[in-house]
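Okay, here's what each chain looks like letter by letter:
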Amino acid sequence: MSKLIKTDDSIVNSSDNRAFSDLVSAQLSRRSLLKGGAGAVAAGLFSPLFAPLAGLAEAATPAPVARAVALAFEPVPIAVRDSVVVPDGYTAEVLYAWGDPTGIRGRMPAFKPDASNTAAEQAVQAGMHHDGMAYFTLPFGAQSSRRGLLAINHEYIDDGLLHPDGMKDWSEAKVAKAQAAVGVSVIEVEHAGDNWRVVRPSSFARRITAQTPCDIAGPARGHALMRTEADPKGTTVLGTFNNCANGQTPWGTYLTCEENWSDFFANNGTLTEDDKRYGIKAQDAGYRWSERDFRFDRQVTPNEPYRFGWVVEIDPYDAKSRPVKRTALGRVKHEGATVSLAPDGRVVVYMGDDQRFEYIYKFVSSGKYKPHDRKANRTLLDQGTLYVARFDDDNGGRWLPLVHGQHGLTADNGFRDQAEVLIHTRRAADKVGATKMDRPEWIAVHPERPWELYCTLTNNSERGTDGKPGTDAANPRAKNIFGHIIRWQEAGNDPTSDSFKWDLFALAGNPTLDGASKGTVNGDAFGSPDGLKFSSNGILWIQTDVSTSTLNQKEYANMGNNQMLATLPENGQVRRFLTGPNGCEITGLAFTPDNRTLFVNIQHPGETSSERSDPAQPKAVSSWPDGDAGGRPRSATVVIRRRDGGVIGV
């Protein structure tokens, strides 16, 4: 999640849903707080590696991957250094930084350190602020760990870095460049000799921006609320932005998730209920797009905000294909879209809504995945049921369906049809009684137990404050600045089940503190867990996103820069694998099928406590990755390898 542009999380959820109060002490005493969890996942639960998701190659048998039984690297120390630090025996090299050419044939302008590239040039270069990411093997269906595609999110922009003079003399040209710096990159990469490189030119290379036509699919397609003067049929929308975390389907497509999209809209008239529930205000969050592009002024284009906040499916293998907004998955501030497969072949997508006191969702498809029919799978995410989670006091939970006509989701309550249930997903979740969580972020599915899920709840400093929901069993700490990780297992070992059992996997925090801020981590401490993903050999990787302002608080003393850690749920010990440059967030991770190459994103190095960088002093905090020779810090994708070519982490 971007932190340079602040969002007012305090206004978005005024419903009176239970925040699952009482019994906190009793619940904590019953949890396995990262002490191994072996009792909850007995050896008898282990199944063969979840093949359909291990390599995402539906036509080929995935290469065998040995399950990790121990972590074999020496943890790196806490660091405040303007560099990427990895364990001894590992290398970390920059692959693709903001402004680098994507590799589109005939259009490969170099990055200009003074940020004087035009909007047209930016549209074919790497966007700003890399976030979620996925690796796709080449050719499709292969298990190649030496050649593939990377799909990379570019979450938001820092106008102080994007333009030579920042936001001075604001213009249509600056808005156009900003809109070209968000969205998604698809690049071709290969391991040649001892190094990975971006293949340029490449027929696969593309950039998807805030001006790229996207199709609308699913129940909201063509709905009256999706229609605008420019799109009277409600079937096509320009662009995707604020793309945060991601997902990957078994049929080889990329799911990119629109998170803080409301930051770009303004409504200086009467705020609607939708504005209030999703955080649109009289002025935007400082981007100023609405001044030059009236799509983002709700007074001029009232339905445009309904066309954002979706999960967007992209085919990385077809550079000419259109992205598709899958409205059956609901409209929220999506953090990610993690895919699992049910025993009967139905597709399940787990999603977090990343704001304070928001919800965890899952979608269950009506149709079934067909391993050898890629075309047939392309509409699986258009029909199915969206659910929202309720975490009960007894460590049980229910998935509550968001279906028109059920549980008060009727016309009398403002939901005239299923499309409106999905367009107003947050209000629907309020109505059915979902559990308010501490900013649900990434969700990880265990590679051997596709019914076992982990979710990072990154923090919530407003929990238990005046007028806000109090502590509860799943969110047990007031003023929760450190965050935690929650785990659940679906009933019957079936991801489509409507019930589950849950526990608290870890409370993050500084072990030197007492009271509510003390963490329960066995091993290296961390705060504000955000990115979360398993490698196919069973290692759970945790990435942190502590804002610059929070790092300056006394509770975070001696916690260092943001970092990436590893753990095995079966033994629970956490080891720090990586620390990042000054002011950055660690986010996005993707492995090759053999787990010998790891791609990690370094977002917004050089971030300050102010909303935007000072264009007169762009390197005040960080000069990574170009050092003194560069003009400003740049987000980038980093390639990590073992020097001996072995498997990462073991």
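Here the residue index of a chain counts from 1 through its sequence in written order. In keeping with the model being predicted, local features are shown solely for residues with a pLDDT of at least 70 and side-chain atom pairs are shown and tallied solely at 80 or more, while totals for entire chains, interfaces and linings include all residues. Just so you know, side-chain values use all the structure's heavy atoms and leave hydrogens and water out.

(A) The packing of aromatic side chains, seen in detail. Put simply, two rings from Phe, Tyr or Trp (the six-membered ring, in Trp's case) pair if the centres are within 6.5 Å, and we call them stacked under 30 degrees between planes, edge-to-face over 60, tilted for the rest. Overall, the coordinates contain 36 aromatic pairs when judged by the stated rule. The interplanar angle of 45 degrees and the centroid separation of 5.6 Å between the aromatic rings of Trp261 and Tyr278 together place this pair among those described as tilted. In this pair, Trp261 is assigned in the loop between strand E10 (254-258) and helix H6 (273-278) and Tyr278 in helix H6, connecting sequence segments 17 residues apart. Each member of the pair, Trp261 as well as Tyr278, carries the same accessibility label: buried. Linked through ring pairs, Phe241, Trp261, Phe264, Phe265, Tyr278, Tyr287, Trp289, Phe296 and Phe308 together constitute an aromatic cluster. Geometrically, a lysine NZ or arginine CZ counts as sitting over a ring once it is within 6 Å of the ring centre and also within 35 degrees of the ring normal. Over the face of the ring belonging to Tyr278 we find Arg331, whose NZ or CZ atom lies 4.3 Å from the ring centre. Put simply, DSSP marks the helices as runs of H or I at least four residues long and the strands as runs of E at least two long, and each gets a number from the N terminus on. Type-normalised accessible area, obtained with a 1.4 Å probe on protein chains alone, sets the label of each residue: buried when under 20%, exposed when over 50%, and partly exposed for intermediate values.

(B) The arrangement of the pattern of salt bridges in detail. Whenever a carboxyl oxygen of Asp or Glu lies within 4 Å of a side-chain nitrogen of Lys or Arg, that contact is scored as a salt bridge. Evaluation of the coordinates by the stated rule reveals 43 salt bridges. Notably, a salt bridge pairs Asp215 with Arg322, separated by 3.0 Å at the nearest N-O pair. Of this pair, Asp215 sits in strand E7 (residues 213-217) while Arg322 sits in the loop between strand E11 (311-314) and strand E12 (324-326), and the two are 107 residues apart along the sequence. On the basis of relative accessibility, which here comes to 24%, the residue Asp215 falls in the partly exposed class. A network of salt bridges, in which partner residues are shared, links Asp231, Asp293, Arg295, Glu304 and Arg307.

(C) Focus on the sheet that holds E12. With mixed pairing, the six strands of this open sheet are ordered in space as E8-E7-E12-E11-E10-E9. The open sheet has two edge strands with one neighbour each: strand E8 (236-238) and strand E9 (243-248). Mean inter-strand twist for the sheet, computed between neighbouring axes without regard to direction, equals 35 degrees. With three bridges connecting them, E7 and E12 associate as parallel partners. Among the inter-strand pairings, Asp215 is bridged to a residue of E12, identified as Val324. A pair of strands counts as paired when DSSP detects no fewer than two bridges linking them. Every axis corresponds to a line fitted to the C-alpha atoms, with the helix fit spanning only the stretch in contact, and the corresponding angles, defined between N-to-C directions, vary from 0 to 180 degrees.

(D) Just empty space enclosed by the protein, in detail. Method remark: on a 1 Å grid restricted to protein atoms, a set of points is classed as a cavity if a 1.4 Å probe fits but cannot get out and as a pocket if it is open with protein on both sides within 12 Å along at least five of seven lines; lining residues have an atom within 4 Å of a point. Grid points are joined across faces, edges and corners, and a volume is the space filled by probe spheres set on the points. Counted by the stated rule, this structure contains four cavities of 30 Å³ or more. Of the voids in this model, the second largest cavity is the one considered here, and its volume is about 50 Å³. In terms of lining residues, the second largest cavity is bounded by Phe526, Gly527, Thr544, Val546, Leu551, Tyr556, Met559, Gly560, Asn561, Asn562 and Gln563. Split into classes, the residues belonging to the lining of the second largest cavity amount to five nonpolar, six polar and no charged. In this classification, the charged set is Asp, Glu, Lys and Arg, the nonpolar set is Ala, Val, Leu, Ile, Met, Phe, Trp, Tyr, Cys and Pro, and all remaining amino acids, among them Gly, are polar.

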